[in-house]
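These are the residues of each chain, in order.
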Amino acid sequence: VPACDAATGALSNPISVTTAPLGLLTDPDVGGEMAQNPYRQVMVVWDRSGTGVQGSMVDVDATGDPAPGSLITIALDSGSPLFVGVDSPRVSHFAGGTPGYYAVVWRRHTLLSNADPWIALYDRSGALAYGPMLVRATPENDTYVDVDGGFVSTTLDFSVACLRTTTDGTALDVTPVR
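Each chain carries its own residue numbering, running from 1 in the direction its sequence is written. Where totals are concerned, whole chains, interfaces and linings use all residues; where local detail is concerned, this predicted model gives features only for residues with pLDDT of at least 70, and gives and counts side-chain atom pairs only at 80 or more. Based on all heavy atoms of the structure, the side-chain values leave hydrogens and waters out of the count.

Caption draft 1: Focus on the overall build of the chain. The secondary structure listing takes helices from DSSP runs of H or I that are at least 4 residues long and strands from runs of E that are at least 2 residues long, numbered from the N terminus. Looking only at helices and strands, the chain has 0 helices and 11 strands in total. Each helix and strand of the chain, placed in order from N terminus to C terminus, yields the pattern β-β-β-β-β-β-β-β-β-β-β. In the chain, which comprises 178 residues, the share counted as buried stands at 40%. Of the contacts formed within the chain by residues at least 6 apart in sequence, a portion of 42% connects residues at least 24 apart. Relative accessibility thresholds used throughout: buried, under 20% of the residue-type maximum; exposed, over 50%; partly exposed, between the two (1.4 Å probe, protein chains only). Here a residue-residue contact requires only that any non-hydrogen atoms of the pair lie within 4.5 Å.

Encoded structure:
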């Protein structure tokens, strides 16, 4: 994760947020609030095969190299006998409203529901602020999920987009959650 100076285009040195043997880390995504001085920060999320969805807050100062924070466990690849695993994490910084909140959405697989979208809200320190909660349950497979929204005071307002495979083809659903 290198930082880029918008005025000059200069890149910082790349830094490692996490490491693992080949093939274990997939589906990286990043969301941030680079315009929110003095908090130049991003949240990076990924899927670690056999472990689950993980993340880290990364401080990105105007000069110098980015500095990753501690590892955040968002969702585990374990649970009840009907639970299969989690994957496809996406992160969005909440534009507007109270700065410093990040929504993370992922798919949770069970033997009964294929892949359903779940969401959790994290604050700038990486602490869980809300959730995790099921966005919606469907008998079809949600093949892709994404999130965006806002958090003002105590009001959470976001939308989750789900690309869903049906017997007739593919459907794109947007689920508002308030």
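Next, the rest of the story.
Caption draft 2: Inspection of the nonpolar core at higher detail. In plain words, nonpolar cores are sets of buried Ala, Val, Leu, Ile, Met, Phe, Trp, Tyr and Cys residues tied together by side-chain atoms within 4.5 Å. With 15 residues, the main nonpolar core has Met43, Ile74, Val104, Trp106 and Tyr122 as its most contacted residues. Mapped onto this core, the elements with two or more residues apiece are strand E2 (41–48), strand E3 (52–59), strand E4 (67–76), strand E5 (83–93), strand E6 (101–110) and strand E7 (114–123). Aside from chain neighbours lying at most four places away, what touches Tyr122 is Met43, Ile72, Thr73, Ile74, Gly100, Tyr101, Tyr102, Val104, Ala127, Leu128 and Ala129.

Caption draft 3: Main features of the pattern of salt bridges. The salt bridge criterion pairs a side-chain nitrogen of Lys or Arg with a carboxyl oxygen of Asp or Glu, the two atoms within 4 Å. Inspection of every chain in the model, using the stated rule, returns 1 salt bridge. With its nearest N and O atoms 2.9 Å apart, the salt bridge here joins Asp87 to Arg107. A residue pair is termed long-range when its members are at least 10 positions apart, and Asp87 in strand E5 and Arg107 in strand E6 qualify at 20 residues. Assigned by exposure class, Asp87 and Arg107 land together as buried.

Caption draft 4: Examining the confidence of the model for the chain more closely. A residue's pLDDT is simply how confident the predictor is in it, with values from 0 to 100. Across the chain, the average pLDDT comes to 78, with 71% of residues at or above 70. Per-residue pLDDT, averaged within each element of the chain, yields its smallest value for strand E9 (residues 141–152) (63) and its largest for E3 (92).

Caption draft 5: How the structure looks around a nonpolar patch on the surface. A cluster of nonpolar side chains, Val84, Leu111 and Leu112, forms an exposed patch at the surface whose accessible area comes to about 350 Å². The residue Val84 is located in strand E5 in this model. Assessed through its relative accessible area of 51%, Val84 is described here as exposed. Without a salt bridge and with relative accessible area above 30%, a residue can belong to a patch; like charges are then joined within 9 Å and nonpolar side chains (Val, Leu, Ile, Met, Phe, Trp, Tyr) within 5 Å. Exposure was quantified through the Shrake-Rupley algorithm and a 1.4 Å probe, taking into account, for residues, occlusion by the shown protein chains and nothing else.

Caption draft 6: Seen up close, the sheet that holds E2. Pairing between strands is defined by DSSP: at least two bridges between them are needed. Strand order in the open sheet made by the 4 strands is E1-E2-E3-E4, with antiparallel pairing throughout. The sheet is open, and its two borders are formed by strand E1 (25–32) and E4, each paired with just one other strand. Neighbour-to-neighbour, the strand axes of the sheet open up by a mean angle of 20°, direction not taken into account. Note on geometry: axes are C-alpha line fits, over the in-contact stretch for helices, and angles between N-to-C directions span 0 to 180 degrees.

Caption draft 7: Local environment of the pairing of E2. Of all 8 residues in E2, 8 are buried, a share of seventy percent or more. With 6 bridges joining them, E1 and E2 adopt antiparallel strand pairing. By the bridge assignment, Asp29 is partnered in E2 with Val45. Pairing geometry for E2 and E3, over 8 bridges, is antiparallel. Residue pairing in the sheet places Gln41 in a bridge with Asp59 of E3.

Caption draft 8: Expanded view of the environment of Pro66. Checked against the element boundaries, Pro66 lands in the loop between E3 and E4. Relative accessible area serves as the criterion here: at 6%, Pro66 is assigned to the buried category. Between the C-alpha atom of Pro66 and that of Ile15, which follows or precedes it by 51 residues, the distance is 6.8 Å.

Caption draft 9: Geometry of the side chain of Asp87. On the accessibility criterion, Asp87 (16% relative accessible area) is buried. Distance and chemistry together define a polar contact, namely a pair of N or O atoms within 3.5 Å, with one atom able to donate a hydrogen and the other to accept it when in protein, and with adjacent residues in sequence counting only for side-chain atoms on both sides. Side-chain polar atoms of Asp87 contact the side chain of Arg107, separated by 2.9 Å. In contact with Asp87, other than residues within four places in its own chain, are Asp27, Asp47, Val53, Trp106, Arg107 and His109.

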